[in-house]
Each structure stands twice: as structure tokens, then as C-alpha cells.
Amino acid sequence: MSATLPIEIDVTSVKELLDAGSDFLLLDCRQPGEYQTANIAGATLIPMREIPSKLAELGTQDKHIVVHCHHGGRSLQVTHFLRNQGFANVQNMSGGIDAWSQIIDPTVPRY
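Residues numbered from 1 in each chain as written. Predicted model: local features only at pLDDT ≥ 70, side-chain atom pairs only at ≥ 80, totals over all residues. Heavy atoms only, no water.

## Quick word on the pairing of strand S2 (residues 25–28)
Alternating positions in S2 separate into two faces, Leu25 and Leu27 on one and Leu26 and Asp28 on the other, with burial throughout. Here S2 pairs with strand S4 (residues 65–68) via four bridges, running parallel. Paired with Leu26 across the two strands is Val66, which belongs to S4. Alignment of S2 against strand S3 (residues 44–45), held across two bridges, turns out to be parallel. Residue pairing for S3: Leu27 is matched across the bridge by Thr44. In this fold, S2 hands off to helix H2 (residues 32–37), which returns the chain to S3; that crossover is right-handed. (Buried < 20%, exposed > 50% of the residue type's maximum accessible area, 1.4 Å probe, protein only. Helix = DSSP H or I, 4+ residues; strand = E, 2+ residues; numbered from the N terminus. Pairing = 2+ DSSP bridges. Right-handed = clockwise from strand over helix to strand, strands pointing away.)

## Description of the environment of Tyr35
Relative to the assigned elements, Tyr35 resides in helix H2. Separated by 33 residues in sequence, Tyr35 and His68 have C-alpha atoms that sit 11 Å apart. Setting aside residues no more than four positions away along its own chain, Tyr35 makes contact with Asp28, Arg30, Ala43 and Leu45. (Contact = heavy atoms within 4.5 Å.)

## Some thoughts on the pattern of salt bridges
With the rule as written, the count across this model stands at six salt bridges. Glu50 is the partner of Lys54 in a salt bridge, and the nearest nitrogen-oxygen pair spans 3.0 Å. Looking at Glu50, the relative accessible area reads 30%, which means it is partly exposed. Across the pair Arg110 and Asp98 runs a salt bridge whose closest N-O atoms are separated by 2.8 Å. (Salt bridge = Lys/Arg side-chain N within 4 Å of Asp/Glu carboxyl O.)

## Some remarks on the side chain of Asp98
Within the secondary structure, Asp98 sits in helix H4 (residues 96–104). Engagement of the side chain of Asp98 in a polar contact is seen with the side chain of Gln102, the distance being 2.9 Å. At 2.8 Å, the side chain of Asp98 forms a polar contact with the side chain of Arg110. Excluding residues that lie within four positions of it along the chain, Asp98 makes contacts with His70, His71 and Arg110. (Polar contact = N/O pair within 3.5 Å; in protein donor to acceptor, adjacent residues only side chain to side chain.)

## Some details on the packing of helix H1 (residues 11–19) against H4
Contact geometry for H1 and H4: axes closest at 9 Å, N-to-C directions at 80 degrees. Of the possible angle classes, the one that applies to H1 and H4 is roughly perpendicular. Touching Val11, Thr12, Val14, Lys15 and Leu18 of H1 are Gly96, Ala99, Trp100, Ile103 and Ile104, all from H4. Per-class residue counts for the contact of H1 with H4 are seven nonpolar, two polar and one charged. (Axes fitted to C-alpha atoms, helices over the stretch in contact; angles between N-to-C directions. Parallel < 35°, antiparallel > 145°, perpendicular 65-115°, else oblique. Nonpolar A, V, L, I, M, F, W, Y, C, P; charged D, E, K, R; others polar.)

So, in C-alpha cells, the structure goes:
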């Protein structure tokens, strides 16, 4: 199964998906402490190291998944990992929650 979506998606496009009520999983791969500090409403927290053991929780392999972390590094690794596991429609939210805070929602704390 080849990927049909670009590997990265910008925060503005993710906001548009959320506002439209699109059926996708916003996956936060940061640590619980980071999530408590700052998070995006509707995101599902599964820390990066737990993802291999929780693949069944992600839904079908054709589900649209957008992964984010703090700046986009860890989530890009998770995106590559998930694509290698057969999840074809996984994208990395470029810039992470830091970009989200700067561009989309300034009430989300930066750290």
C-alpha cells in the first residue's frame, strides 16, 4: 500500500480538518507531562515509546492519522514508523504544537 498523502501537513490544514469535523486521528506522541503543559483539544495522547504496542488503538490501516509532538522531530519518526507498519495515510504536523501555538491558538502555552 503506497502513501497517498504528503508526509507533512501544516498546522493551518490540520485546523481546517478539525473545524470541518473530518474523520481523522490527531495523535500526540509527546510525554504525559508535556501533554499536561500544552495540548490540542481532541488529540489522543500515546507517547512515542508506547506506539509499537498500541497499533490496534489507531484504527484501520487506511485511517487518516496526523501525528504531532513539540516541534515535529519525534512525530516525523512516528510517521515514518507507522507508514512502515502499513498505515498509508499518516502525516506529520510540521512545526508541532509550538507552531500550533504561534499560528493557530495562542492560548496553548509554549514551552
